[in-house]
Amino acid sequence: MELWPAESIWEQISPLLPGFTVEVLPEIDSTSTELMRRARAGRTEPTLLVAERQTAGRGRLGRPWQSAVGDSLTFSLALPFAPCDWSGLSLAVGVAVAESLHPDVGLKWPNDLWWQDRKLAGILIEAATSGGRSQVVVGIGINIRPRPAEGLSTPPAALTELWPEASAGATLLRLMPALVRTLQDFERHGFAPLQARFEVRDVLRGREVHTSDGHSGMALGVGPTGALRLQQAGGERLIDSSEVSVRPLNTNTN
Ligand code: BTN
């Protein structure tokens, strides 16, 4: 098993999240599935669950998330969470993770980190309510070392292409404080204060895009709730992230 900086992470995060625990497992079906099971069973303590291998990793919109042992960082963070408005949460998480990784990491609405038009990482946000209290489970998968294209014409990006000495443990240690602080800020103030920080990394802005529900147009950026602004012949359309994925023209790394 890789050496994980679990204690250093715990020391940094427990002042922000009282009762915080860190668990690293050699194998599980999915870190997000496991934390959702615990949340539904009424276990509400803030938990970071890291897996070296997931046998049933899940992506957005029911897609599988595949990763090889040692080549990626796969983890989920569960915490009690009750924002006034959940809109834009995956974008806020993307901002926190991208900023803690590298200045050149871009954000592809609504939940991907990109580098040089290739997917570097994905974010899966889920919510659970138990006993009237709501929790969020934030699942993140980051490609650390290059892996084969697996049916895509372009291979995914890997963090070692930007940060040659990157390891899964060091990456996790680096991003956790920013992730927790951003979630706490989001809970109080929503997405609007993060809009400008998303926009400087927005890889779709100014590009012609297609949405999975059949719309196309020029991406104009995002609004204060994180909706994608699409310019169409008839005017501007706002696309909500819940059931839609977006593909720019000339790429298939969605
Ligand atoms: C996506 O790009 O569609 C989101 C991918 C999210 C993958 C991560 S890996 C850790 C956590 N556990 C899962 O089963 N999924 C998320």
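Structure's up top.
The residue numbering used here restarts from 1 in each chain and proceeds along that chain's sequence as written. Only residues with pLDDT of 70 or above have their local features reported here, since the model is predicted, and side-chain atom pairs are shown and tallied only from 80 upward, although totals for entire chains, interfaces and linings are computed over all residues. As a convention, hydrogens and water are excluded, and side-chain values are obtained from all of the structure's heavy atoms.

Draft legend 1. Looking closely at the nonpolar core. Counting 57 residues, the largest nonpolar core has Phe75, Leu113 and Met176 as its most contacted members. Where each domain begins and ends is defined by an automated method or by a domain database. Of the residues that make up this core, three or more belong to each of domain 1 (6–200) and domain 2 (208–248). Throughout, a residue-residue contact means that at least one pair of heavy atoms, one from each residue, lies within 4.5 Å. Beyond its immediate sequence surroundings of up to four residues, Phe75 is in contact with Thr31, Leu48, Leu49, Val50, Val138, Gly139, Ile140, Leu172, Leu175, Met176 and Leu179. Nonpolar cores were defined as sets of buried Ala, Val, Leu, Ile, Met, Phe, Trp, Tyr and Cys residues, with membership established by side-chain atoms within 4.5 Å. Any residue under 20% of the maximum accessible area for its type is buried, any over 50% is exposed, and the rest in between are partly exposed; the area is computed with a 1.4 Å probe on protein chains only. Counting residues in each nonpolar core, the second largest holds 9 residues, with Ile28, Met36, Leu49 and Val137 among its members.

Draft legend 2. Main features of unusual backbone geometry. The omega torsion across Trp109 and Pro110 is 0 degrees, close enough to zero to call that bond cis. Only DSSP runs of H or I reaching four residues or more are called helices, and only runs of E reaching two or more are called strands; each is numbered from the N terminus. Looking at the element boundaries, Pro110 is found in the loop between strand E4 (106–108) and strand E5 (112–115). Here Asp117, not a glycine, exhibits a phi torsion of approximately 60 degrees, which is positive.

Draft legend 3. Here's a closer look at the site of the ligand. Taken together, 21 residues are adjacent to the ligand, and Ser30, Gln54, Arg58, Arg60 and Lys119 come closest. Here an oxygen atom of the ligand sits 2.7 Å away from a polar atom, N or O, in the side chain of Ser30. Taking Thr31, its side chain carries an N or O atom lying 3.1 Å from a nitrogen atom of the ligand. In isolation the ligand has 420 Å² of accessible area, and contact with the protein removes 98% of it. Counting only elements with at least two residues in the shell around the ligand, the list comes to helix H2 (31–40), strand E3 (72–80), strand E6 (118–130) and strand E7 (133–143). No other element matches the 4 residues that E6 contributes to the shell around the ligand. A single heavy atom is enough: if one lies within 4 Å of a molecule or strand, its residue is considered near that molecule or strand. For the purposes of these results, a polar contact is taken to be a pair of N or O atoms within 3.5 Å, where, inside protein, one atom must be able to donate a hydrogen and its partner to accept one; residues adjacent in sequence count only when each atom of the pair is a side-chain atom. Exposure was quantified through the Shrake-Rupley algorithm and a 1.4 Å probe, taking into account, for residues, occlusion by the shown protein chains and nothing else.

Draft legend 4. Examining the packing of aromatic side chains more closely. Aromatic rings from Phe, Tyr and Trp, with only the six-membered ring used for Trp, were paired whenever their centres fell within 6.5 Å, and each pair was classed as stacked if the ring planes differed by under 30 degrees, edge-to-face if by over 60, and tilted otherwise. Enumeration according to the criterion identifies 3 aromatic pairs in this entry. Plain terms: the ring middles of Phe81 and Trp86 are 5.3 Å apart, the flat faces sit at 70 degrees to each other, and that makes the pair edge-to-face. Classification of Phe81 by relative accessible area gives buried; the value is 1%. Here a set of aromatic residues connected by ring pairs shows up, and it is made of Phe81, Trp86 and Phe186. Across the ring face of Trp163, the terminal group of Arg174 is positioned such that the distance to the ring centre comes to 3.8 Å. Remark: a charge is flagged as sitting over a ring if the NZ atom of Lys or the CZ atom of Arg is within 6 Å of the ring centre and within 35 degrees of the ring normal.

Draft legend 5. Seen up close, the pairing of strand E10 (residues 228–232). Sheet topology places strand E9 (residues 216–222) next to E10; 4 bridges connect them, and they run antiparallel. Along E10, the bridge assignment pairs Ala219 with Leu230. At least two DSSP bridges between two strands are needed for those strands to be called paired. Counting the residues that bridge the hairpin from E9 to E10 gives 5 residues, and of these Gly226 lies at a positive phi of roughly 90 degrees. Alignment of E10 against strand E11 (residues 235–239), held across 5 bridges, turns out to be antiparallel. Across the sheet, the residue bridging to Leu228 is Ile239, located in E11. Counting the residues in the hairpin turn of E10 and E11 gives 2 residues.

Draft legend 6. Up close: the environment of Arg133. Of note, Arg133 is situated in strand E7. The sequence separation of Arg133 and Phe81 amounts to 52 residues, and the corresponding C-alpha distance is 8.1 Å. Setting aside its immediate chain neighbours within four residues, Arg133 contacts Thr44, Pro80 and Ala128.

Draft legend 7. Examining the sheet that holds strand E12 (residues 246–248) more closely. The 5 strands are arranged E11-E10-E9-E8-E12 in an open sheet whose pairing can be described as antiparallel. The open sheet has two edge strands, E11 and E12, and neither has a second partner. On average, each strand axis in the sheet is tilted by 45 degrees relative to the strand beside it, whichever way the strands run. Angular values range over 0 to 180 degrees, each being the angle between N-to-C directions of two axes fitted as lines to C-alpha atoms, with helices fitted over their stretch in contact.

Draft legend 8. Just the side chain of Ser72, in detail. Within the fold, Ser72 resides in strand E3. Of the residues examined, Ser72 reaches a relative accessible area of 10% and is grouped as buried. A polar contact of 3.5 Å, which involves the side chain of Ser72, links it to the side chain of Ser67. Every residue in contact with Ser72, bar those within four places of it in the chain, is listed here: Ser67, Ile142, Asn143, Ile144 and Ala168.

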